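Notes for the structure review
Residue strings, one per chain:
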Amino acid sequence: MAGETVLTVIGNLTSDPELRYTQNGLAVANFTIASTPRNFDRATSEWKDGESLFLRASVWREFAEHVAGSLTKGTRVIATGRLKQRSYETKEGEKRTSMELEIDEIGPSLKYATAQLTRATSGNSPRGGQPPAAGGNDEPWAASAPAANTGGDVWNTPGNFSDETPF
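A quick note: this is a predicted structure, and the numbers were derived from the prediction, not measured.

**Some remarks on the overall build of the protein chain**
- Along the backbone of the protein chain there are one helix and eight strands.
- Its helices and strands taken in sequence order, the protein chain reads β-β-β-β-β-β-α-β-β from the N to the C terminus.
- In the protein chain, which comprises 167 residues, the proportion classed as buried is 22%.
- Summarising the internal contacts of the protein chain: among those between residues at least 6 apart in sequence, 55% fall at separations of at least 24.

Structure below.
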């Protein structure tokens, strides 16, 4: 990714992702993310909306199908990807340039919402679509928490916020 402009944007989808397929059967989902900054005006003690940015975005392959099946109009998302400039000519012969975000990662923002995740199985996953490894968990960072705080790692013990916890 050397020399590419990597960008992260937080905003809302302006419509449902549009899922299409190329002649070769390759899935692509296109959508627009609207990001509007809010600033506090101390003179009026009010929040004011700034100028909105409307950024076209695209995702490809199985990722496109996941996005189209998961995200809808109005969903607040956090997206990161590579900014691409595309030049083209209209039917009238005018030269135009557009900017588009080629998404590498996208997900719903959990600032004002909750989400229920479902793991998708695919032939492109690190395990080749196989079920999770023995023990039921395929994520390297997911660890089983001890049943009680018995001198183990308190950071992996969910809900352990007693006064005895060494912070």
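**Focus: the packing of aromatic side chains**
- Scanning all chains against the criterion turns up one aromatic pair.
- Relative to Trp 47, the ring of Phe 40 lies with its centre 5.4 Å away and its plane at 65 degrees, an arrangement referred to as edge-to-face.
- Residue Phe 40 is classed as partly exposed on the basis of its relative accessible area of 41%.

**Here we look at the nonpolar core**
- Counting residues in hydrophobic clusters, the biggest one holds 17 residues, and the most contacted among them are Phe 31, Ile 33, Val 59, Ile 103 and Ile 106.
- The set of elements that each furnish at least two residues to this core consists of strand 1 (5–13), strand 3 (27–35), strand 6 (53–60), helix 1 (61–70), strand 7 (76–89) and strand 8 (95–108).
- Counting residues per element, this core draws most heavily on strand 3, which supplies four residues.
- Apart from residues no more than four positions distant in its own chain, Ile 33 is found in contact with Val 9, Gly 11, Asn 12, Leu 13, Leu 53, Phe 54, Leu 55, Ala 57, Val 77 and Ala 79.

**Some points on the confidence of the model for the protein chain**
- In this model, the protein chain carries an average pLDDT of 80, and 72% of its residues clear a pLDDT of 70 or more.
- Between the elements of the protein chain, mean pLDDT differs from a low of 91, seen in strand 4 (residues 38–41), to a high of 97, seen in strand 3.
- Throughout residues 125–137 the model reports pLDDT below 50, and contacts reaching past four residues in sequence, or to other chains, amount to eleven contacts.
- Scored below 50 in pLDDT, residues 140–167 shows 15 contacts in the model against residues more than four places distant or in partner chains.

What counts and how
- Residues numbered from 1 in each chain as written.
- Predicted model: local features only at pLDDT ≥ 70, side-chain atom pairs only at ≥ 80, totals over all residues.
- Heavy atoms only, no water.
- Helix = DSSP H or I, 4+ residues; strand = E, 2+ residues; numbered from the N terminus.
- Buried < 20%, exposed > 50% of the residue type's maximum accessible area, 1.4 Å probe, protein only.
- Contact = heavy atoms within 4.5 Å.
- Phe/Tyr/Trp six-rings, centres within 6.5 Å; stacked < 30°, edge-to-face > 60°.
- Core = buried A, V, L, I, M, F, W, Y, C linked by side-chain atoms within 4.5 Å.
- pLDDT = per-residue confidence, 0-100.

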